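Each chain is listed here by its residues.
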Amino acid sequence: MYSKTLSFFLLTLLILLFTTQITTNTAIAQIVKGEPIGSITLSPLGIFEVGIKMKAGASIKYDFNADEILLFVIHSHKGGQVTNYSAMESNIFDGVFIAPIEGDYYFLCQNLRTSEAVLKYSIFIDPEKQIIQYEEIQYDIITLSNSNIEILNFSQEDKQILIRIQTPYLTPGFANITIPRNLLDGPFNLQGTLTEHRYTQNNSSSVVTLGTPNGTHDVSIIGTTVVPEIPSPMIF
């Protein structure tokens, strides 16, 4: 009985602290990221969360491992309402979460101790396939992101793919975009509101990794070489 009462008290305290941090900008350290894999050192009372857009019924596997006991909460924001789906104190927090409705979901942890805690985390996001069709050929574009990604346009003339990234609420955007090299090849120049960008290549494809601030952003991926235009047949 005591354990359940304590957990309820800690969860209530977390929500109060979290709300106070947003509305009054107190000195509690709060870090929000979009990258699904990483590590971080949490200061005492520090809050860390990863935000991800999910469709209704989508499932996601998560694995958090800390060297101290932390409070873990899975929750969502809709307007000014916060809904909690799971909360526990542990140094290990893992499992599978299924989104009940489409929305923005957050994997949050807080260090309620008086010393620092080191946290390693992995959230396994399923990649999505989108199609660019040029002439009569379809090219698969594979995206892995915490955000919604929409391909707005492919321009053979400008050697450019234009995408739109819509991040979760108050969360930076993160994306890996796999592009066939026979469609658009590097070196690449990225234009838009970005916090980082880089790319790697193998024999068949390029993986462009980029980060954005929170919100909705249009990003141009400009290559160096592009699929050649198919000439129209000559009529004699």
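Bear in mind that the values here come from a model prediction, so they are computed numbers and not experimental data.

What counts, and where the lines are drawn
Residues numbered from 1 in each chain as written. Predicted model: local features only at pLDDT ≥ 70, side-chain atom pairs only at ≥ 80, totals over all residues. Heavy atoms only, no water. Salt bridge = Lys/Arg side-chain N within 4 Å of Asp/Glu carboxyl O. Helix = DSSP H or I, 4+ residues; strand = E, 2+ residues; numbered from the N terminus. Buried < 20%, exposed > 50% of the residue type's maximum accessible area, 1.4 Å probe, protein only. Pairing = 2+ DSSP bridges. Axes fitted to C-alpha atoms, helices over the stretch in contact; angles between N-to-C directions. Phe/Tyr/Trp six-rings, centres within 6.5 Å; stacked < 30°, edge-to-face > 60°. Contact = heavy atoms within 4.5 Å. Core = buried A, V, L, I, M, F, W, Y, C linked by side-chain atoms within 4.5 Å.

A. Highlighting the pattern of salt bridges. Taken as a whole, this structure holds 5 salt bridges when the rule is applied. Note that R164 and D218 form a salt bridge whose closest N and O atoms lie 2.7 Å from each other. On the criterion of sequence distance, the pair formed by R164 in strand β11 (residues 160-166) and D218 in strand β17 (residues 216-222) is long-range, its members being 54 residues apart. Judged by its relative accessible area of 32%, R164 falls in the partly exposed class. Two residues, R198 and E196, come together in a salt bridge whose shortest N-O distance is 2.7 Å.

B. A look at the sheet that holds strand β12 (residues 173-180). Taken in spatial order, the 5 strands make up an open sheet running β8-β9-β12-β16-β15, and their pairing is antiparallel. Edge positions in the sheet fall to β8 (128-134) and β15 (196-201), since each has one partner strand and no second. Put simply, the sheet's adjacent strands are angled 20° from each other on average, direction ignored. Judged from the 8 bridges that link them, β12 and strand β16 (residues 205-212) form a sheet pairing that is antiparallel. Bridge assignment links I177 to a residue of β16, and that residue is V208.

C. Summary view of the packing of aromatic side chains. Tallying each qualifying case throughout the model produces 14 aromatic pairs. Residues F48 and Y121 carry aromatic rings whose centres are separated by 5.0 Å and whose planes lie at 50° to one another, so their mutual orientation is tilted. Separated by 73 residues along the polypeptide, F48 in strand β3 (residues 47-54) and Y121 in strand β7 (residues 117-124) bring together distant segments of the chain. With respect to class, F48 is no different from Y121; both count as buried. Between F64 and F107, the ring centres sit 6.4 Å apart and the planes meet at 15°, which makes this aromatic pair stacked. Of this pair, F64 sits in strand β4 (residues 59-78) while F107 sits in strand β6 (residues 103-110), and the two are 43 residues apart along the sequence.

D. View of the side chain of T143. You can see T143 is positioned in strand β9 (residues 137-145). Looking at T143, the relative accessible area reads 5%, which means it is buried. When sequence neighbours within four positions are dropped, the list of residues in contact with T143 reads P127, E128, Q130, I149, N176 and I177.

E. Fine view of the nonpolar core. Core analysis: the biggest nonpolar cluster contains 24 residues, and F64, F97, F107, L119 and I123 have the highest contact counts within it. Contributing elements (two or more residues each) for this core: β2 (37-42), β3, β4, β5 (81-98), β6 and β7. By residue number, the principal contributor to this core is β4, which donates 7 residues. Here L119 is in contact with G38, S39, I40, F48, F64, N65, A66, L70, F72 and C109, once residues within four sequence places are set aside.

F. Representation of the environment of S155 in the model. For S155, the position within the fold is in strand β10 (residues 148-155). Between the C-alpha atom of S155 and that of I222, which follows or precedes it by 67 residues, the distance is 9.5 Å.

G. How the structure looks around the sheet that holds β11. Ordered by their spatial adjacency, 4 strands build an open sheet running β10-β11-β17-β14, and the pairing between neighbours is antiparallel. Of all the strands in the sheet, just β10 and β14 (189-191) have a single pairing partner and so form its edges. The sheet shows a mean angle of 20° between the axes of neighbouring strands, taken without regard to direction.

Keep in mind that these numbers describe shape and distance, not what the molecule does.
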